[in-house]
Amino acid sequence: MRKRKIIFLSLLALGVWAIIFRADLQRSFMNLLVVSELLNFEQQGWLGKWSSAPKVMEISYPGPKGTVKADLFLPQGNSKRSGILLNHGVIDTGKDDPRLKRFAEILCRSGFVVLIPDFKGMRSFRIGPSDIDEVQMAFTYFTSLKNYVLPQSCGLFGFSYGAGPTILAACRPAMRNKVRFIIAFGAYYDLKNVLSFIASGNFEFEGKRYFRQPQEYGKWVFLANNLDLVVSTEDRSILQRILQAKLRDEKAPTDHFIPLLGKEGKNILALLSHSDPSQTEILIKNLPPAIQTQIEALSVAPVMNKLHADLILAHGKDDDMIPFTETLRLARAVPDPRRVYVQILRSYSHVDPERQAMTVKNLINFYLPEGWKLFGLVNQLMKYRQAPS
């Protein structure tokens, strides 16, 4: 069957379900249009025919480390709207990533004002406690744009490792009563769990154990992020050479570097290559103190009891960078279970969509169930287009 025909049949079935189970037909129609764009992400679909293109403005504002550039996406019309601050996460293209711009356009066409700041640290594969400050200042600036946004109806959207500082910022005393909602896709709960996974492939939740081959790339992102915190200049230099070799080719031989390393460098590589998850805590305690401090500062687990915002969570079941069980832990830790909505998706890996052949069987077993999950996520988000009563 042709792709467009299958998408049409999927949306038709979802539309029937929406009419049966959702009272707000207008919102259900908008949900279907947004889902159609997400299922057919590479090209503009029906949402583009039912909505006007957003106005995009490049702006700047004062950040904690200097001027920050950002893109502001505005729906057509003069009315004030709910807003979403979109954190691009650890990606070298930052706010200029084409996929991010496409996603911002979809959110904007659905009725939100969207701000995408360019976070230089995360853009250069550096993520640290200062990024929490970056998110907080960006949100404070965003909610000050009262000609465009409803300050009491703004939220945060974070992807992958960028979701950590996003949630941490929302839990701060100055922020927790100002952030109405958070959407986190592929997020983590405790970085110790993630480090255990990227090294060994093992993960668990509520007594159930899993294994998935992790991306090697995750190890080298961790090393790149913490390289500056290695005390020994000699070890730092050797680790930099290992990192460069692995980023060029994950299969590049690097064993010849290991005898050249001191204790500090060997301890870092031991953490990134261990196979027994019961050893993770011990190996983390062998890391340089500054790296241990950063791991603790970026873990979300200790602050979840301070979260006031509603939380929408999604995670790819086959994620090979951050295991989906981290999102389940986030959901479990929310103080009020009524304020969290979670979906584990087969249609996404890490943050990129996965597709299956367009057949009737896959329509029934894959596209319709996954479309319904996306519909539920979009429906939750669309509730925030209206100001709180």
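Engineer: So what exactly am I meant to see when it comes to the packing of aromatic side chains here?
Structural biologist: Aromatic ring pairs: the centre-centre distance and the angle between the two ring planes describe each pair. Counting across every chain of the model gives 13 aromatic pairs. Ring geometry for Phe197 versus Phe203: centroids 5.4 Å apart, planes at 90 degrees, classification edge-to-face. Judged by its relative accessible area of 0%, Phe197 falls in the buried class. For Phe203, a relative accessible area of 8% translates into the label buried. For the ring pair Phe203 and Phe324, a centre distance of 5.9 Å and an interplane angle of 85 degrees mean the geometry is edge-to-face. Taken as a pair, Phe203 in strand E7 (residues 202-205) and Phe324 in the loop between strand E9 (310-316) and helix H14 (325-333) lie far apart in primary sequence, 121 residues in all. In this structure, Phe203 and Phe324 share a single accessibility class: buried. Through pairs of rings, three or more aromatic residues link up here, namely Phe197, Phe203, Tyr210 and Phe324.

Engineer: Is there a simple way to explain the sheet that holds strand E3 (residues 81-87) in this structure?
Structural biologist: Strand pairing in a sheet takes place through backbone hydrogen bonds and is either antiparallel or parallel in direction. The sheet built from eight strands is open, its strands ordered E1-E2-E4-E3-E5-E6-E9-E10 with mixed pairing. Edge positions in the sheet fall to strand E1 (55-63) and strand E10 (340-345), since each has one partner strand and no second. Recorded for the sheet is a direction-independent mean angle of 20 degrees between the axes of neighbouring strands. One ladder, built from six bridges, connects E3 with strand E5 (residues 149-159); its direction is parallel. In the strand pairing of E5, Asn87 is matched with Gly158. Along the sheet, helix H7 (residues 163-170) contacts E3, E5 and strand E6 (181-185); its crossing angle with E5, the most-contacted strand, is approximately 145 degrees.

Engineer: Any chance you could explain the nonpolar core here in plain terms?
Structural biologist: Nonpolar side chains in soluble globular proteins tend to end up buried together. Judged by nonpolar contacts, the single largest core of 78 residues is most densely connected at Phe142, Tyr161, Leu239 and Met304. With near-sequence residues (within four places) excluded, Tyr161 lies in contact with Val90, Ile127, Tyr188, Leu191, Val194, Ile198, Met321 and Ile322.

Engineer: How do you make sense of the pattern of salt bridges when you look at a structure like this?
Structural biologist: Pairs can form between side chains of opposite charge whenever their charged atoms are close. Evaluated as defined, the whole model comprises 22 salt bridges. In this structure, Glu37 and Arg102 form a salt bridge, with 2.6 Å as the shortest nitrogen-oxygen distance. Residue Glu37 is located in helix H2 (residues 25-39), and its partner Arg102 is located in helix H4 (residues 98-109); the two are separated by 65 residues in the primary sequence. We note a salt bridge from Arg102 to Glu105, for which the minimum N-O separation is 3.7 Å. With Arg102 and Glu105 both in helix H4 and three residues apart, the pair spans about one turn of that helix. Judged by its relative accessible area of 11%, Arg102 is buried. Taken together, the salt bridges that share partners define one network made up of Glu58, Asp71, Lys95, Asp96, Lys101, Asp118 and Arg123.

Thresholds applied
- Residues numbered from 1 in each chain as written.
- Predicted model: local features only at pLDDT ≥ 70, side-chain atom pairs only at ≥ 80, totals over all residues.
- Heavy atoms only, no water.
- Phe/Tyr/Trp six-rings, centres within 6.5 Å; stacked < 30°, edge-to-face > 60°.
- Buried < 20%, exposed > 50% of the residue type's maximum accessible area, 1.4 Å probe, protein only.
- Helix = DSSP H or I, 4+ residues; strand = E, 2+ residues; numbered from the N terminus.
- Pairing = 2+ DSSP bridges.
- Axes fitted to C-alpha atoms, helices over the stretch in contact; angles between N-to-C directions.
- Contact = heavy atoms within 4.5 Å.
- Core = buried A, V, L, I, M, F, W, Y, C linked by side-chain atoms within 4.5 Å.
- Salt bridge = Lys/Arg side-chain N within 4 Å of Asp/Glu carboxyl O.

From the geometry alone we can't say anything about function, so treat these as descriptive.
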